Amino acid sequence: GMMDLMDVFALCGVVVMVVYVGVWMILTMLLLRFMMFPSFKVPQGDQFDELTQVVKGFAAALWKGKTTNPLVDFGIDHDDVVIPVFHYSDDQNNPTQNVLKGWYIPPFKKDNNKRNNNHKENNNNNYIDAIEDCDHELLHDTCIILIHGAGRDRRSFMRHAAALHSLGAGMLLCDLREHGISTTKGYGINYNTRESDDVLSMVRYVRENTEHQCVITCGTSTGASAAIIAAAIVKDPTSPYYLDGVIAENPFANRKLMFKNVFVFATGTISSLLSKIMSPLAALSALFALRIISFFYDSKKERRPEPLECIGEIAPRPVMFMHGTKDNILSFQHSTLLHESANHPKQLWIVEDGHHTALFDIQTDEWMRRVTAFVRQCRDAVGKATMNT
């Protein structure tokens, strides 16, 4: 009788283990699917000329119906641009067959009544003081490249661009590949090599097609991490791919830690009990997802370092991290880890009650103050370097 009971317990144990591993495998495959093809992502492709008006998820609340373009939504003139994508380590002068589509917003000029001076009749936002009255020095020689996160598109930064316009800097907003109306082949999101190539291609476009001397990125989430990698791997100031400064809003420190965070977050949305039961295997899920995503892209190209591995290479160029304490997708420890590993000059702004990609919305004035000061810091550093050569 005792042996029979032991056999029953053993069988039950095996069944529980099989079920546990089976559930884990299903959740891991769902994680992989979600990371490569987020449910809130709206697939389009470069055969389209207009972004869809369909907006899914949290973006609908943040964008508040401003989903067409800077002219229609904010009265800001812009040029539609098509940017060739280069793979940084291949033949530098032969672009790939891929393109990024985006908007280039030329610098605001006080004295030009036609171009980019028409906020008055279309002032349907409260970020912009009357630009005509601005008395500060306009940053015409600076371009800010604004880079969205995974599953979104260039409109993620349209409200920020409307506010930043008064600085007089030029701005570039593009859809990353596999997003919006840039080249989309159904590969999914890579979170490393592909996105950092996209950032480098944007930098090259600005350097070769505009007069801007100072080029800075302001990215969020995956866009922030891609810009960290892009800045770190190009250290030659004479390169057309060279960045002068990086603003990173809720970046991830490395993909494994990010996938682990998302696994815990996603299982938690199903059930908090499920999240507790499965969390011991979260790291294994993250490793598996990383292997698959790397196999689909990194293996064909060289693997780039993770942001945490290369953040120290950006100095002496300035870098600023910002992250919210209520970010439940990427915990703010990602930014604290990156900040600890970065060399000076560096800044860290932790925003109380800030959510993922939404710091501007709860702290608009402080966001503007910090970003403006940072842009000027980068611009002044470039000015000094130019004087010394």
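Residues numbered from 1 in each chain as written. Predicted model: local features only at pLDDT ≥ 70, side-chain atom pairs only at ≥ 80, totals over all residues. Heavy atoms only, no water.

*Asks:* Outline the sheet that holds strand β3 (residues 142–147), supporting the account with residue identities and numerical values.
*Replies:* Spatial strand order, β1-β2-β4-β3-β5-β6-β7-β8: eight strands in an open sheet with mixed pairing. Two strands bound the open sheet, and with one partner strand each, they are β1 (79–84) and β8 (346–351). Averaged over all pairs of adjacent strands, the angle between strand axes in this sheet comes to 20 degrees, irrespective of strand direction. Where strand β7 (residues 319–324) and β8 come together, six bridges link them in parallel fashion. Looking across to β8, one finds that Phe321 is bridged to Leu348. Where helix α11 (residues 333–341) meets the sheet, its contacts fall on β7 and β8, and the angle it forms with β8 comes to roughly 165 degrees. (Pairing = 2+ DSSP bridges. Helix = DSSP H or I, 4+ residues; strand = E, 2+ residues; numbered from the N terminus. Axes fitted to C-alpha atoms, helices over the stretch in contact; angles between N-to-C directions. Contact = heavy atoms within 4.5 Å.)

*Asks:* Outline the packing of helix α7 (residues 255–270) against helix α9 (residues 282–296), listing residues and values.
*Replies:* At a minimum axis distance of 8 Å, the contact between α7 and α9 shows a crossing angle of 125 degrees. Viewed along their axes, α7 and α9 adopt a mutual orientation that is oblique. In the crossing of α7 with α9, the sense of the turn from one axis to the other is right-handed. Where α7 approaches α9, its residues Arg255, Lys256, Phe259, Lys260, Phe263 and Val264 are matched on the opposing element by Ala282, Ala283, Ser285, Ala286, Leu287, Ala289, Leu290, Ile293 and Ser294. (Parallel < 35°, antiparallel > 145°, perpendicular 65-115°, else oblique. Left-handed = near helix turned anticlockwise from the far one by under 90°.)

*Asks:* I'd like a description of α9, backed by residues and values.
*Replies:* The terminal C-alpha atoms of α9, which comprises 15 residues, lie 21 Å apart, in line with the 21 Å expected from a rise of 1.5 Å per residue. Along α9, the residues classified as buried are Ala282, Ser285, Ala286, Ala289, Leu290, Ile293 and Ser294. What you see down the axis of α9 is that its buried residues fit within an arc of 160 degrees, all on one side. When the buried face of α9 is taken as reference, the exposed residues oriented beyond 90 degrees from it are Arg291 and Phe295. (Expected span 1.5 Å × (residues − 1). Buried < 20%, exposed > 50% of the residue type's maximum accessible area, 1.4 Å probe, protein only. Arc of directions from axis to C-beta.)

*Asks:* Break down the pattern of salt bridges for me, citing the residues and quoting the values.
*Replies:* Considering all chains together, one arrives at 14 salt bridges under this definition. Between Arg155 and Asp153 there is a salt bridge whose closest N-O contact spans 2.8 Å. Judged by its relative accessible area of 2%, Arg155 falls in the buried class. Look at Asp153 and you get buried, because its relative accessible area is 7%. Between Asp175 and Arg154 there is a salt bridge, with its nearest N and O atoms 3.0 Å apart. In this pair, Asp175 is assigned in the loop between β4 (170–174) and α5 (193–209) and Arg154 in the loop between β3 and α4 (158–164), connecting sequence segments 21 residues apart. A relative accessible area of 4% places Arg154 in the buried class. Look at the salt bridges and you will find they share partners, linking Glu366, Arg369 and Arg370 into a network. (Salt bridge = Lys/Arg side-chain N within 4 Å of Asp/Glu carboxyl O.)

*Asks:* Outline a nonpolar patch on the surface, listing residues and values.
*Replies:* Taken together, the side chains of Leu11, Val15 and Val19 define a hydrophobic patch exposed on the protein surface, amounting to about 270 Å² of accessible area. Within the element layout of this structure, Leu11 appears in helix α1 (residues 2–36). Its relative accessible area of 56% is what places Leu11 among the exposed residues. (Patch = residues over 30% accessible without salt bridge, like charges linked within 9 Å, V, L, I, M, F, W, Y side chains within 5 Å. Areas by Shrake-Rupley, 256 points an atom, 1.4 Å probe, with all protein chains shown as cover.)

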